[in-house]
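Listed below, chain by chain, are the residues.
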Amino acid sequence: MADILLSEAEKTFILHGVRDNVRNDGRSCSEFRPIELELGLVENANGSARVRLANTDVLVAVKCEIDNPPSNFPDEGKLDFFVDCSANATPQFEGKGGEQLAVELAALMSRAYQTRESFNLSTLSIIKGMKCWKLCIDVLILECGGSLIDAISMGTKAALADTKIPKVSVIGSDEGTLELELADEADGREEPLDWHHAPCLVTLNKLEDSLLVDASAEEEACCAAALIVGVSPNKKITTTSIPGHGSFLADSKIFARALNLAVDVGVKLNTALEAAIKKHQTLKPPPRGFLD
Amino acid sequence: MAGLQLLSEYGLRVDGRRPNELRQIRCKMGVFSQPDGSAYLEQGNTKVLAAVYGPHEVRLNRSKTHHDRAYINCQFSMAVFSTSERKRRPRGDRKSQEMDMNLNQIFESAIRTELYPRSRIDIYLEVLQADGSNFSACVNAATLALIDAGIPLKDYVCSCTSTLAPSQGGAPPTPMVDVNHVEETLGGPGLNMSTLPRLDSVVHLELSGTRLHLSHIDPVAEKASTGAADIMAVLDKAVRGHVAQCLHARELSGQGADA
């Protein structure tokens, strides 16, 4: 998130273009930049995905641990989000510099997945009230170039699609402690998660009366306010957030317009992401990672 | 650990290599656009990303400047998913801080810091997958990233970790080069050496694990030193390939070699 210094002339140029629905790189106001997705890069994790959206590069890994279920929901598992802003992205993230941003992003993702409709936590239960799966979703931000939360949400959904949970059975109980056994290769060792209803978060930036999807760093520097909306594939909004210090005028109907646009774009994004994930899973291309 | 020997009776290691064989090294320079220099390096299954920012002005901490040379700042970080057991903290613990200091020491000796007084060079390392020789892979990746950033170095900094397989059936113990995770954890000494191969100098030496008898130090150190020289050949080839590619791209785009 380098500070972009723009002259007044540049800002005016961007503004005039946006009024005519044309942005600096030729996109319309509701188009995303090209997105690259790759699954299964991290061998030590149960599922992983890497998302490249213009200059933003995010690596998401999902690891499964056996844990005790929460006392108020004994027949459910847990999702735990952890975001790490690597100093590779900017020197400001050195040491504990990126911690504040990381905590905000993790909290936002937790809220987006909080509804049982996005992700059914009861599928993670092993033994009601005693043992459950905890999915540790770890996000590593390698490069920050705008639309960070969009990339993170896409990466999370793709990583969950790539995740296989080992099948567990109880083989005995020894004085109150249970012994669990992971299933054999022969029995069908792992099963996939139900990730299809997971939300994608879309960031909208407001520039005068227009709303920009996937704003570049220069465009973000001109925009007064932003709105982040979590949209699930069945057109439901799972979370909203206004980051930073902008505000939306309450009676100009722009807020309603923004929510509608976010839902439209979110649904399309979910569809495109599902298609890309299915294609990746059927074709199974050899891993390229960072070498290309 | 019964049944798992570092060196089998046929002279093969746990991953099928011979004692003097390095793992496959694959690397790429210029992976990211934001840092001044960046590199990705794989040494077998150990995967590391390095980013270099600098030389730039020191803004916040005026005390951390030298009037006659650049201030080098390194940070070593491991992704929480890099190890098979999930790590709680990527950096900031004692071991990482020690690695930071070692990296500082290495690159202060290798970079021509006298060319950039009152500036700062930041080197950030991120281990994406840890499968042994993590520190060595980081040093190698950082060298590539520094070259990508155009920062003058005295020489390539190449690092390698070697160990000693215990003697079997009367044969003397065999030194082995480029250890992986299994060899690191099975016990045995680990000698980590960082050198400037063409200048034939050692910038950093660290022995960890179990103790090493005086008579075995020379063969193990020599193995590490040869390993580092072999790694230099790989890095050199990668750098030349990258530069040729950049030149080719510039010519194609018409920026031209006429000037």
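These figures come from a predicted structure and were not determined experimentally.

Participant: Can you help me understand the overall build of chain B in this one?
Facilitator: Helix and strand content of chain B: 4 helices and 9 strands. When the helices and strands of chain B are read in sequence order from the N terminus, they spell out β-β-β-β-α-β-α-β-β-α-β-β-α. Counting only C-alpha atoms, chain B reaches 65 × 45 × 35 Å along its principal axes. In chain B, which comprises 259 residues, the share counted as buried stands at 49%. Taking contacts inside chain B between residues at least 6 apart in sequence as the whole, the part at least 24 apart equals 69%. As presented, chain B carries roughly 12,500 Å² of accessible surface, and 50% of it is formed by carbon and sulfur atoms. Across chain B, the 28 positively charged side chains and the 29 negatively charged ones have centroids separated by 5 Å.

Participant: I'm lost on the overall build of chain A in this one. Help?
Facilitator: Helix and strand content of chain A: 5 helices and 14 strands. Along the first, second and third principal axes, the C-alpha set of chain A runs to 75 × 45 × 40 Å. Here chain A holds 292 residues, and the buried ones make up 49% of them. Relative to all contacts within chain A whose residues are 6 or more apart in sequence, the contacts with residues 24 or more apart total 70%. Element-wise, carbon and sulfur atoms account for 51% of the exposed surface of chain A, whose accessible area totals about 13,800 Å². For chain A, the distance from the average site of its 29 positive side-chain charges to the average site of its 44 negative ones is 5 Å.

Participant: Any chance you could explain the sheet that holds strand β12 (residues 210-213) of chain A here in plain terms?
Facilitator: One key point about sheets: their strands pair by backbone hydrogen bonds, in either a parallel or an antiparallel sense. Residue and element names in this part refer to chain A. The strand order across the open sheet built from 4 strands is β12-β11-β13-β14, with neighbouring strands paired in antiparallel fashion. This sheet does not close on itself; its edge strands, each paired only once, are β12 and β14 (237-241). Each strand of the sheet is rotated relative to its neighbour by a mean of 25°, with strand direction disregarded.

Participant: Any chance you could explain the interface of chain B and chain A here in plain terms?
Facilitator: Many analyses report the size of an interface as the accessible area lost when the parts associate. If you look at the interface, chain B gives 37 residues, while chain A gives 33 residues. One can count 4 salt bridges joining chain B with chain A. The element contributing the most residues to the side of chain B that touches chain A is strand β5 (residues 119-129) of chain B, with 7 residues. Of the residues in the side of chain B that touches chain A, the class split is 16 nonpolar, 10 polar and 11 charged.

Participant: Where do I start with the packing of helix α2 (residues 99-112) of chain A against helix α3 (residues 148-162) of chain A in this structure?
Facilitator: Packed helices, taken two at a time, are described by the angle their axes make and the gap between the axes. Residue and element names in this part refer to chain A. At their nearest, the axes of α2 and α3 sit 11 Å apart, and the two run at 50° to each other. In terms of axis orientation, α2 runs oblique to α3. Crossing angle aside, the handedness with which α2 passes α3 is right-handed. Here Leu-101, Leu-105, Leu-108 and Met-109 of α2 come into contact with α3, specifically with Leu-148, Ile-149, Ile-152, Ser-153 and Thr-156. Among the residues forming the contact of α2 with α3, the class breakdown is 7 nonpolar, 2 polar and no charged.

Participant: Whenever I open this one, the sheet that holds strand β7 (residues 174-177) of chain B confuses me. Can you help?
Facilitator: Residue and element names in this part refer to chain B. One open sheet holds the 4 strands; their spatial order is β7-β6-β8-β9, and the pairing between them is antiparallel. Two strands lie at the open edges of the sheet, namely β7 and β9 (201-209), each paired on one side alone. Sheet twist, expressed as the mean angle between neighbouring strand axes with direction ignored, is 25°. Relative to strand β8 (residues 189-196), strand β6 (residues 158-165) is paired through 6 bridges, and the arrangement is antiparallel. If you follow Ser-162 over to β8, its bridge partner there is Leu-191. Contacts between helix α1 (residues 94-110) and the sheet are confined to β8 and β9, with β9 contributing the most and set at about 160° to the helix. Against the sheet, helix α2 (residues 134-149) contacts β6, β8 and β9, and its axis sits at roughly 160° relative to β6.

Participant: Would you take a moment to explain the pairing of strand β13 (residues 225-231) of chain A for this structure?
Facilitator: Residues in a regular strand point their side chains to alternate faces of the sheet. All names here are of chain A. Taking burial as the measure, the 7 residues of β13 include 7 buried ones, the bulk of the element. Alternating positions in β13 separate into two faces, Ala-225, Leu-227, Val-229 and Val-231 on one and Ala-226, Ile-228 and Gly-230 on the other, with burial throughout. Note: strand β11 (residues 200-207) against β13, 7 bridges, orientation antiparallel. Looking at the pairing, Val-202 lines up with Val-229 of β13. Both β13 and β14 contribute to a ladder of 4 bridges, which runs antiparallel.

Participant: Would you mind showing me how to read the nonpolar core here?
Facilitator: Membership of the largest hydrophobic core comes to 65 residues, with the highest contact counts inside it found for Leu135(A), Ile141(A) and Leu160(A). Contact partners of Leu160(A), with chain neighbours within four places excluded, come to Val62(A), Tyr113(A), Phe119(A), Leu135(A), Ile137(A), Leu193(A) and Trp195(A).

Participant: Explanation requested: the pattern of salt bridges in the structure shown.
Facilitator: If the charged atoms of two oppositely charged side chains come close together, the side chains can form a pair. The final tally for this structure, using the stated rule, is 28 salt bridges over all chains. A salt bridge links Glu208(A) to Arg19(A); the nearest nitrogen and oxygen atoms lie 3.2 Å apart. A residue pair is termed long-range when its members are at least 10 positions apart, and Glu208(A) in the loop between β11 and β12 and Arg19(A) in helix α1 (residues 8-19) qualify at 189 residues. Across the pair Glu94(A) and Arg120(B) runs a salt bridge, and its minimum N-O distance is 3.3 Å.

Participant: I keep staring at α2(B) and nothing clicks. Help me out?
Facilitator: The periodicity of an α-helix, 3.6 residues per turn, causes residues three or four places apart in sequence to face the same way. Here α2(B) is 16 residues long and its end C-alpha atoms lie 22 Å apart, about the 22 Å a rise of 1.5 Å per residue gives. Taking burial as the measure, the 16 residues of α2(B) include 13 buried ones, the bulk of the element.

Participant: Would you explain the packing of aromatic side chains in this entry?
Facilitator: Centre distance and the angle of the planes are the two values used to describe a pair of aromatic rings. According to the stated counting rule, one finds 5 aromatic pairs over all chains in the structure shown. Ring centres of Phe248(A) and Phe255(A) lie 5.6 Å apart, and the angle between their planes is 70°; this geometry places the pair in the edge-to-face category. Of the residues examined, Phe248(A) reaches a relative accessible area of 13% and is grouped as buried. Look at Phe255(A) and you get partly exposed, because its relative accessible area is 31%. Through pairs of rings, three or more aromatic residues link up here, namely Phe290(A), Phe32(B) and Tyr40(B). A cation over a ring is seen here: Arg50(A) above Phe290(A), with NZ or CZ 3.9 Å from the ring centre. Seen from the ring of Phe73(A), Arg116(A) lies directly overhead, with NZ or CZ sitting 4.8 Å from the centre.

Participant: How should the environment of Val22(A) be read in this particular structure?
Facilitator: Residue position: Val22(A) is located in the loop between α1 and β1 (35-39). Here the alpha-carbon distance between Val22(A) and Leu273(A), two residues 251 residues apart in the chain, equals 25 Å.

Participant: Is there a simple way to explain the UniProt feature "domain: Exoribonuclease phosphorolytic" (unreviewed entry) in chain A in this structure?
Facilitator: Residue and element names in this part refer to chain A. On the UniProt side, "domain: Exoribonuclease phosphorolytic" (unreviewed entry) is annotated at positions that read residues 31-166 and 197-264 here. Spanning residues 31-166, this segment combines 21% helix with 38% strand, and its end C-alpha atoms are found 39 Å apart. A helix fraction of 25% and a strand fraction of 35% characterise residues 197-264, whose end C-alpha atoms lie 16 Å from each other.

Calculation criteria
Here the residue index of a chain counts from 1 through its sequence in written order. Lettering of chains starts at A and numbering of ligands starts at 1, both following the order in which they are written. Only residues with pLDDT of 70 or above have their local features reported here, since the model is predicted, and side-chain atom pairs are shown and tallied only from 80 upward, although totals for entire chains, interfaces and linings are computed over all residues. Only hydrogens and water are set aside; all other atoms, that is, all heavy atoms of the structure, feed into the side-chain values. Secondary structure elements are taken from DSSP: a helix is a run of H or I of four residues or more, a strand is a run of E of two residues or more, and numbering for both begins at the N terminus. Burial here depends on accessible area, computed with a 1.4 Å probe over protein chains only, as a share of the maximum for the residue type. Under 20% is buried, over 50% is exposed, and the range in between is partly exposed. The contact criterion used throughout is that any non-hydrogen atoms of two residues lie within 4.5 Å. What sets the accessible areas is the Shrake-Rupley method with a 1.4 Å probe; for residues, cover comes only from the shown protein chains. Here the positive residues are Lys and Arg and the negative ones are Asp and Glu; neither His nor the chain ends is included. We put the charge of a Lys on NZ, of an Arg on CZ, of an Asp on CG and of a Glu on CD. Strands are labelled as partners when DSSP assigns at least two bridges between them. Axes here refer to lines fitted to C-alpha atoms; in helices the fit is confined to the stretch in contact. Angles between the N-to-C directions go from 0 to 180 degrees. Here, a salt bridge means any Lys or Arg side-chain nitrogen found within 4 Å of an Asp or Glu carboxyl oxygen. Residue type decides the class: Asp, Glu, Lys and Arg count as charged, Ala, Val, Leu, Ile, Met, Phe, Trp, Tyr, Cys and Pro as nonpolar, and the leftover types, Gly among them, as polar. Our angle categories are set so that under 35 degrees counts as roughly parallel, over 145 as roughly antiparallel, 65 to 115 as roughly perpendicular, and the remainder as oblique. By definition, turning the near helix anticlockwise from the far helix through less than a right angle yields a left-handed crossing, and turning it clockwise yields a right-handed one. Remark: nonpolar core denotes a set of buried residues (Ala, Val, Leu, Ile, Met, Phe, Trp, Tyr, Cys) joined through side-chain atoms within 4.5 Å. The length a helix should cover is 1.5 Å for every residue beyond the first. Side-chain rings of Phe, Tyr and Trp (the six-membered ring for Trp) are treated as a pair once their centres are within 6.5 Å; stacked means planes under 30 degrees apart, edge-to-face means over 60, and tilted covers the remaining angles. Cation placement over rings: the criterion is NZ of Lys or CZ of Arg within 6 Å of the ring centroid and within 35° of the ring normal. UniProt positions are given in the numbering used here, feature names are shortened, and annotations may be inferred rather than shown by experiment.

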